[in-house]
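In case you want the letters, here they are:
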Amino acid sequence: MGIVVRYNPPGLTAAQYDAGVQRINEELGDAIPDGLEYHVCFGTDGNLLVSEIWDSREQFEAFGERVLPILAAAGIDPGRIDIYEVHAVQNREAARA
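Residues numbered from 1 in each chain as written. Predicted model: local features only at pLDDT ≥ 70, side-chain atom pairs only at ≥ 80, totals over all residues. Heavy atoms only, no water.

**Side note on the overall build of the protein chain**
1) Next: When helices and strands are counted, the protein chain shows three helices and four strands.
2) Next: Seen in sequence order, the protein chain has helices and strands lined up from the N terminus as β-α-β-β-α-β-α.
3) Next: Relative to its length of 97 residues, the protein chain is compact, with a C-alpha radius of gyration of 14 Å against a globular reference of 13 Å.
4) Next: In terms of its C-alpha atoms, the protein chain occupies a principal-axis envelope of roughly 40 × 25 × 20 Å.
5) Next: Of all 97 residues assigned to the protein chain, the portion counted as buried reaches 29%.
6) Next: Contacts in the protein chain between residues at least 24 apart in sequence constitute 74% of all its contacts with a sequence separation of at least 6.
7) Next: Summing over all exposed atoms, the protein chain offers an accessible surface of approximately 6500 Å²; the carbon and sulfur share of this is 51%. (Helix = DSSP H or I, 4+ residues; strand = E, 2+ residues; numbered from the N terminus. Rg over C-alpha atoms; globule rule 2.2 N^0.38 Å. Buried < 20%, exposed > 50% of the residue type's maximum accessible area, 1.4 Å probe, protein only. Contact = heavy atoms within 4.5 Å. Areas by Shrake-Rupley, 256 points an atom, 1.4 Å probe, with all protein chains shown as cover.)

Pasting the structure below:
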């Protein structure tokens, strides 16, 4: 089973998030990284949070080694990063199967 990764970047604005995504895409390409199932940015401007679901911790760590320096160069602090093992997943696609 995969992992859930929760980022709590202090004071993250929509403009910072959008600029960070653009910079990542410019440096790494805009393809979804291997193992990333979902990436969600949510909350209010100036207090945005990010959650991701990865197939494995190894895939997350490999991408993190590449992306965290890019975020730092863009002035984005990912804040506390919490990692949780997935126990179960439910979604519409699985329910249709």
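There is more to say after this.
**Remarks on the sheet that holds strand E1 (residues 3–8)**
1) Next: Strand order in the open sheet made by the four strands is E2-E3-E1-E4, with antiparallel pairing throughout. Both edges of this open sheet fall to strand E2 (36–44) and strand E4 (80–85), since each of them pairs with a single strand only. Ignoring which end each strand starts from, the neighbouring axes of this sheet average 15° apart. (Pairing = 2+ DSSP bridges. Axes fitted to C-alpha atoms, helices over the stretch in contact; angles between N-to-C directions.)

**Regarding helix H2 (residues 57–73)**
1) Next: The terminal C-alpha atoms of H2 lie 24 Å apart, and with 17 residues this matches the ideal 24 Å at 1.5 Å per residue to within 8%.
2) Next: If you look at H2, its biggest bend is around 35°, right at Gly64.
3) Next: Listing the buried residues of H2 in full gives Phe60, Phe63, Gly64, Val67, Ile70 and Leu71.
4) Next: In this structure, the buried side of H2 is in contact with E1, helix H1 (14–28), strand E3 (47–54) and E4.
5) Next: Taken from the residues just after H2, Gly75 is the one with a positive phi, measuring 80°. (Expected span 1.5 Å × (residues − 1). Bend = angle between axes of the 7 residues up to and from the residue.)

**Quick word on the packing of aromatic side chains**
1) Next: With the rule as written, the count across this model stands at two aromatic pairs.
2) Next: For the pair Trp54 and Phe60, a centre-to-centre distance of 5.9 Å together with 65° between the ring planes defines the contact as edge-to-face. As far as burial versus exposure is concerned, Trp54 and Phe60 are alike and both buried.
3) Next: With 5.7 Å between their ring centres and 35° between their planes, Trp54 and Phe63 make a pair best called tilted.
4) Next: Classification of Trp54 as buried rests on a relative accessible area of 0%.
5) Next: A relative accessible area of 16% places Phe63 in the buried class.
6) Next: Taken together, the ring pairs connect Trp54, Phe60 and Phe63 into an aromatic cluster. (Phe/Tyr/Trp six-rings, centres within 6.5 Å; stacked < 30°, edge-to-face > 60°.)

**Some details on the pattern of salt bridges**
1) Next: As enumerated under the stated definition, the model contains three salt bridges in all.
2) Next: The shortest N-O distance in the salt bridge between Glu85 and Arg57 comes to 3.9 Å. Of this pair, Glu85 sits in strand E4 while Arg57 sits in helix H2; the two residues are 28 residues apart in sequence, bridging distant segments of the chain.
3) Next: Looking at Glu85, the relative accessible area reads 55%, which means it is exposed.
4) Next: In this structure Arg57 comes out as partly exposed when scored by relative accessible area, which is 32%. (Salt bridge = Lys/Arg side-chain N within 4 Å of Asp/Glu carboxyl O.)

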